Amino acid sequence: MVDKFQAVVIGGGPGGYVCAIRLAQLGLKTALIESRGSLGGTCLNVGCIPSKSLLNLSEEYRKAKNLSSKGIEIGKIKLNLSKMMKNKDKAVTILTKGVEFLLKKNKVTYLKGTGSFKSKNEIKIKDNQNNETSIQADNIIIATGSDSVTLKGAEFDEKIIVSSTGALKLEQVPKKMLVVGGGYIGLEMGSVWSRLGAEVHVIEFLDHITPGMDKEISNEFMKILKKQGIIFHMQHKVEKIKKNKLGAIVFTIDKEGNKKDFESDVVLISVGRKPNTNGLNLEKVGIDLDEKNRVKTDKNFRTNQDNIYAIGDVISGPMLAHKAEDEGIAVAENIAGQSGHVNYDTIPGVIYTTPEVASIGKTEEQLKDLNIKYKIGKFSFMANSRAKAIDDGEGFVKILADEKTDKVLGAHLIGPHVGELIAEIGVAMEFGASSEDIARTCHAHPTFSEAVKEAALSVDKRAIHS
Ligand SMILES: Cc1cc2nc3c(=O)[nH]c(=O)nc-3n(C[C@H](O)[C@H](O)[C@H](O)COP(=O)(O)OP(=O)(O)OC[C@H]3O[C@@H](n4cnc5c(N)ncnc54)[C@H](O)[C@@H]3O)c2cc1C
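What counts, and where the lines are drawn
- Residues numbered from 1 in each chain as written.
- Predicted model: local features only at pLDDT ≥ 70, side-chain atom pairs only at ≥ 80, totals over all residues.
- Heavy atoms only, no water.
- Near = heavy atom within 4 Å.
- Polar contact = N/O pair within 3.5 Å; in protein donor to acceptor, adjacent residues only side chain to side chain.
- Areas by Shrake-Rupley, 256 points an atom, 1.4 Å probe, with all protein chains shown as cover.
- Helix = DSSP H or I, 4+ residues; strand = E, 2+ residues; numbered from the N terminus.
- Buried < 20%, exposed > 50% of the residue type's maximum accessible area, 1.4 Å probe, protein only.
- Pairing = 2+ DSSP bridges.
- Axes fitted to C-alpha atoms, helices over the stretch in contact; angles between N-to-C directions.
- Contact = heavy atoms within 4.5 Å.

*Asks:* What should I look at first to understand the site of the ligand in this one?
*Replies:* In the neighbourhood of the ligand, 39 residues make up the surrounding shell, with E34, T42, K52, G115 and A321 lying closest. Taking G115, its main chain carries an N or O atom lying 2.9 Å from a nitrogen atom of the ligand. Considered on its own, the ligand offers 1000 Å² of accessible surface; in the complex 95% of this is hidden by protein. Taken together, the elements giving at least two residues each to the shell around the ligand come down to helix 1 (14-25), strand 2 (30-34), helix 2 (41-46), helix 3 (48-66), strand 4 (114-119), helix 6 (184-195) and helix 9 (321-335).

*Asks:* Would you mind showing me how to read unusual backbone geometry here?
*Replies:* Most peptide bonds take the trans configuration, and most residues that are not glycine carry a negative phi. Residue T354 is joined to P355 through a cis peptide bond whose omega torsion reads -5°. Unusually for a residue other than glycine, N130 sits at a positive phi of about 70°. We note that H417 has phi near 60°; this positive angle belongs to a residue other than glycine. Checked against the element boundaries, H417 lands in the loop between strand 22 (408-415) and helix 12 (418-430). Residue classification places H417 among the partly exposed residues on the basis of a relative accessible area of 45%.

*Asks:* Explain the sheet that holds strand 18 (residues 349-351) here, please?
*Replies:* Hydrogen bonding along the main chain pairs the strands of a sheet, whether they run parallel or antiparallel. Spatial ordering of the open sheet is given by 18-19-22-21-20, a layout of 5 strands whose pairing is antiparallel. Here the strands that pair on one side only, and so sit at the sheet edges, are strand 18 and strand 20 (374-380). Neighbour-to-neighbour, the strand axes of this sheet turn through a mean angle of 10°, independent of strand direction. Where strand 18 lies against strand 19 (residues 356-361), 3 bridges are found, and the strand directions are antiparallel. The residue of strand 19 that forms the bridge with I351 is V357. Against the sheet, helix 12 engages strand 18, strand 19 and strand 22, with an angle of about 10° to strand 19.

Here it is in structure tokens:
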């Protein structure tokens, strides 16, 4: 007899597992299918979590090496890369097992294997021994995520030509690493290997890094990374990548038409990610895809088939774990007859380098394009007492507020712990707060968060400490 569920989620990443738990909480008999052999998707296995573990440990290493300049002598600092990698793997295992426990606790049936459509209500599951089973479902949620893309002719071998997945498990520190693409994944991984001793070069097609970010922050970010030793080659187009005896050569052409080759032992290609729609047999059920091969959905995450939904990296919008999670919750609530909703104007984006970079809402460039009149409030961490006390004064907070109503329209931060500070602005924006609301909220002293308050005060030119 074929098992029947009220809801089946395909893909166990942050979108899929959160969706499955919410569906079960709402009383639906739910199953989740995952092909990877471990839960948590890209994020927990080869994305957010292992990258943050390495970012943290490499930063500890860098800091430890500089402690003697601050009066703390601890002798020669030595890197044990394999131990560092084991530490990262331990964090991944604990978290992925934790998700398995959560599914069990919420009575979600976890089915290991690759799911594909047999019909609009039936899914085939093939396990890694090639055994096939089928299940039936009233509602199906596609949450199959995304995968790294490479450049034409450059296959990932994950040793010399690597995706972020390979860059998370290199067995030795490369002498020289080329990062193709100046987006957040390339800059995070480039920072890790630069701190551990590699000479890191970033090759970027555009004239600025982190496309889509507020330009002032992006310029400041690049300045700081340069100071840290990362070398940038802007407006260089990669024409070809070829492996050689020592590693690989990246052939580029700059905006003036000059050709330049770069040789290195490792090349990280971080030029974007593509939605995982292959192998789902979507043609069988006639699911529409958009021009980028993403599953097309309406605002309720419904595809052109009324019982089939899609969320996360496989649909349009920022490829971020928390966006996938929020969509997972919203679609579960919609299926259960509630009114699930995601506010795309308040999805924060964080880059976990040192210093961190965080943004939410509109950038100055977007406000100009939309012809919205705005005021700017800015405050430098150089004038923040906590940052000064611990010698961590790089960066600033920038708040954009509507010129007439003072409503906060966006915020862009670079500096210590701004990945945490951005949450305050997110809550403020959800409540439709004005910059004055933030400015009049009491912030503890001495904290980094006072820089947010001062930036809010500065919108009306009344910051106290600058
Ligand atoms: C190096 C790196 C660092 C990142 N850092 C961050 C960060 O700091 N913060 C952040 O917000 N985001 C980060 N991201 C992005 C984040 O990982 C993704 O946005 C997020 O994982 C998307 O979640 P998802 O559930 O849509 O898909 P995924 O996490 O990709 O999960 C989809 C799952 O579906 C499974 N699957 C696919 N097809 C099938 C099938 N047919 N049957 C069964 N299972 C299937 C896959 O195996 C996968 O496990 C990072 C990504 C990378 C690569």
